[in-house]
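Observations on the model geometry
Here is how the chains run, residue by residue.
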Amino acid sequence: MISNLLNGFVEGDVDLYGINPIDPEDFPKVPKFVGVVLQDPEKQLVMPTPADEVSFTLENLGFTVTRESIMNSLKNVGLESRAYSPTEYLSGGEKKRLCIAASIVHKPKLLIFDEPTANLDPWGVSEVINYIKRLKEEGSSVIVIEHKARHFLPLTDKLMVLINGEQKLNLTKDLISSKYEEVVNTLNNLGVDASKPNLTRRNELYTKPVVITANDLWFRYPSSKEYVLKGVSLTLRKGEVGVVVGRNGSGKSTLLKVLSGLYKPDKGSIKVPSLNGINGKVRKRNLVFYVPQEPDYMFIHNTVLKELQSCSNKSFNFDEVPWVKEVLNESPYKLSHGQRRWLSYLIAKLHSPEVVMFDEPTAGLDIRLLKQFVNWVKDFVSEGKTVLIATHDVRVVCDIATNAFIMSEGTLSQVSVEEARDYLEKPVEVIS
Ligand SMILES: Nc1ncnc2c1ncn2[C@@H]1O[C@H](COP(=O)(O)OP(=O)(O)OP(=O)(O)O)[C@@H](O)[C@H]1O
Ligand SMILES: [Mg+2]
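Residues numbered from 1 in each chain as written. Chains lettered and ligands numbered in written order. Predicted model: local features only at pLDDT ≥ 70, side-chain atom pairs only at ≥ 80, totals over all residues. Heavy atoms only, no water.

Here's the deal with the side chain of Ser55
Relative to the helices and strands, Ser55 resides in helix 3 (residues 50-60). Side-chain polar atoms of Ser55 contact the backbone oxygen of Ala51, separated by 2.8 Å. When sequence neighbours within four positions are dropped, the list of residues in contact with Ser55 reads Val65 and Ile70. (Helix = DSSP H or I, 4+ residues; strand = E, 2+ residues; numbered from the N terminus. Polar contact = N/O pair within 3.5 Å; in protein donor to acceptor, adjacent residues only side chain to side chain. Contact = heavy atoms within 4.5 Å.)

Some thoughts on the site of ligand 1
Surrounding ligand 1, one finds 20 residues, the nearest of these being Ser91, Gly93, Glu94, Lys252 and Thr254. Take Asn248: an N or O atom from its side chain is 3.0 Å from an oxygen atom of ligand 1. At 3.0 Å from an oxygen atom of ligand 1 is found a side-chain nitrogen or oxygen belonging to Gln293. Isolated, ligand 1 exposes 640 Å² of accessible area, and the fraction of that covered by the protein chains is 88%. Every element with two or more residues in the shell around ligand 1 is listed here: helix 5 (92-104) and helix 9 (252-259). Among the residues forming the shell around ligand 1, the class breakdown is 4 nonpolar, 12 polar and 4 charged. Both domains that meet at the shell around ligand 1, namely domain 1 (27-146) and domain 2 (210-287 + 353-431), each give it at least three residues. (Near = heavy atom within 4 Å. Areas by Shrake-Rupley, 256 points an atom, 1.4 Å probe, with all protein chains shown as cover. Nonpolar A, V, L, I, M, F, W, Y, C, P; charged D, E, K, R; others polar. Domains from an automatic or database assignment.)

What to know about the coordination of the magnesium ion (ligand 2)
Every protein donor of the magnesium ion (ligand 2) is accounted for by Ser253 (OG) and Gln293 (OE1), and the metal-donor separations fall at 2.0 to 2.4 Å. Placement of the pair is Ser253 in helix 9 and Gln293 in the loop between strand 10 (288-291) and helix 10 (304-309), with a sequence separation of 40 residues. Judged by relative accessible area, which is 15%, Gln293 ranks as buried. (Donors = N, O, S within 2.8 Å, 3.2 Å for Na, K, Ca; no water. Buried < 20%, exposed > 50% of the residue type's maximum accessible area, 1.4 Å probe, protein only.)

Overview of the pattern of salt bridges
For the structure shown, the criterion picks out 16 salt bridges. The shortest N-O distance in the salt bridge between Asp121 and Arg97 comes to 3.0 Å. One end of the pair, Asp121, is in the loop between strand 2 (110-114) and helix 6 (122-137); the other, Arg97, is in helix 5, and 24 residues separate them in sequence. Exposure remark for Asp121: the relative accessible area of 2% places this residue in the buried category. Classification of Arg97 as buried rests on a relative accessible area of 10%. In this structure, the salt-bridge partner of Arg340 is Asp296, at a minimum N-O distance of 2.8 Å. Of this pair, Arg340 sits in helix 12 (residues 337-350) while Asp296 sits in the loop between strand 10 and helix 10, and the two are 44 residues apart along the sequence. For the pair Arg340 and Asp296, a shared accessibility class is recorded, and that class is buried. (Salt bridge = Lys/Arg side-chain N within 4 Å of Asp/Glu carboxyl O.)

A short note on unusual backbone geometry
Phi angles above zero are rare outside glycine, and Tyr17 is one such case at about 45°. With respect to the helices, strands and loops of the structure, Tyr17 is situated in the segment before helix 1 (30-33). Although it is not a glycine, Glu360 adopts a positive phi angle of roughly 50°. Within the fold, Glu360 resides in the loop between strand 11 (355-359) and helix 13 (367-382). Relative accessible area serves as the criterion here: at 4%, Glu360 is assigned to the buried category.

A closer look at the packing of aromatic side chains
For the coordinates displayed, the defined rule picks out 14 aromatic pairs. Ring centres 5.0 Å apart and planes at 65° place the aromatic pair Trp342 and Tyr345 in the edge-to-face group. A residue pair is termed a helical-turn pair when its members lie 3 or 4 positions apart in one helix, as Trp342 and Tyr345 do in helix 12 at 3 residues. Judged by relative accessible area, Trp342 falls into the buried class, the value being 4%. Taken together, a centroid distance of 5.2 Å and an interplanar angle of 50° make the contact between Tyr345 and Phe373 tilted. With Tyr345 in helix 12 and Phe373 in helix 13, this pair connects stretches of sequence that are 28 residues apart. Residue Tyr345 shares its accessibility class with Phe373, and that shared class is buried. Every member of this aromatic cluster is reached through a ring pair, and the members are Trp342, Tyr345, Phe358, Phe373, Trp376 and Phe380. (Phe/Tyr/Trp six-rings, centres within 6.5 Å; stacked < 30°, edge-to-face > 60°.)

Details of the domain arrangement of the protein
For the protein, the assigned domains are domain 1 (27-146) and domain 2 (210-287 + 353-431). Of note, the centres of domain 1 and domain 2, computed from C-alpha atoms alone, are 28 Å apart. Facing 18 residues of domain 1, the contacting portion of domain 2 comprises 14 residues. In this assembly, domain 1 packs against domain 2 so that about 1300 Å² is buried in total across both faces, 61% of it on carbon and sulfur atoms. In this structure, the connection of domain 1 to domain 2 is made through 0 salt bridges. Of all the elements in the fold, those that place two or more residues in the side of domain 1 that touches domain 2 are helix 5 and helix 6. Top element by residues in the side of domain 1 that touches domain 2 is helix 6. It accounts for 7 residues. Of the residues contributing to the side of domain 1 that touches domain 2, the split by class is 7 nonpolar, 6 polar and 5 charged. (Buried area = accessible area lost by both parts, 1.4 Å probe.)

Written out as structure tokens, the structure reads:
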């Protein structure tokens, strides 16, 4: 067993700029050469503020830390104004941006990005693509692990597909550029999402009964003078799938939490006609259920079974999700990222709410799980339920949205589904 590796056994050799990371003697030398951005920012960030996080990387490696170097690094990811505010107050995408800043501040020779686009707005995605281009020009190497391969294909020198730990495909740049369409088809057949999504137009359900109405919502966090929601109004009807798109930090998660009754608005009203228009009882009755951006925030029991049992007395149908049977006595935290997300959807469903608010539900999902999620939502709304989704994922907009909203600096505007699609696509298309 290799004592310096967590939870694993490794055989074989790795040669990294002349050192062997598997050798305990060499292991401490690794971070100087490598920057890693983990899939899940919550597992990576350890310091109280963004400035501390970036200096932590530099200090650990023996570099001199100056205020200028910290501010420059945070400026590159749009976080300079948040340098000294608590990291826990950052939005999901802002946390991801901080992980990127802290992993590249020492200019590593090799950068490993695990799902860099998950939780990033399209401008963040194009910044990552630009950064990778720059690193390549400067002679550094980059490994990108990504479910949405489309934006990275034009940059790729070597492409590998792993299925159950086995290498199924190994392609080089020449082949990718000469047989692009063929490569895209092969990837799609192997379950890797590489093509541009098509917009599936849906019927607009404007005549169905109203399920939830929000009027002139204002909200600010107690630690801040700035309002995050500035007069937001929206109406959702039975059977609709609304999507909210917008930049990192624009207020999408905050809106979903306010609509689900987790935060009380400073001003404005939320009406749920099935509660006879009574404000503030949304949460008590679980009529509007919020599924968080980070699924771990939902788990409160030490086994999957207890999580499921605590939601409902109804017996659980394992045919829908056979893998759950295998992990019933595991801690939810031991499941894979996709499984933890799936467990959070099951919990939502078992509560039988009228409306589910999904916060970035597809971040880190492969195409197979994405399709299952799309079907989950379609089934749910076909029962007369309603869904609102905050997302940066254009596939969600194209596959299931019936109406769309853009959140911009705390204000919300209703747009067509096409406009939401273009909003997410354009900034990345320009660059790739
Ligand atoms: N608990 C908190 N205390 C103070 N400020 C917060 C808190 N949570 C979020 N914020 C700030 O409120 C703003 C909106 O955050 P929110 O999480 O709603 O954004 P978002 O649109 O969901 O972003 P993302 O796309 O990155 O998920 C951001 O500036 C964020 O830093
Ligand atoms: Mg969010």
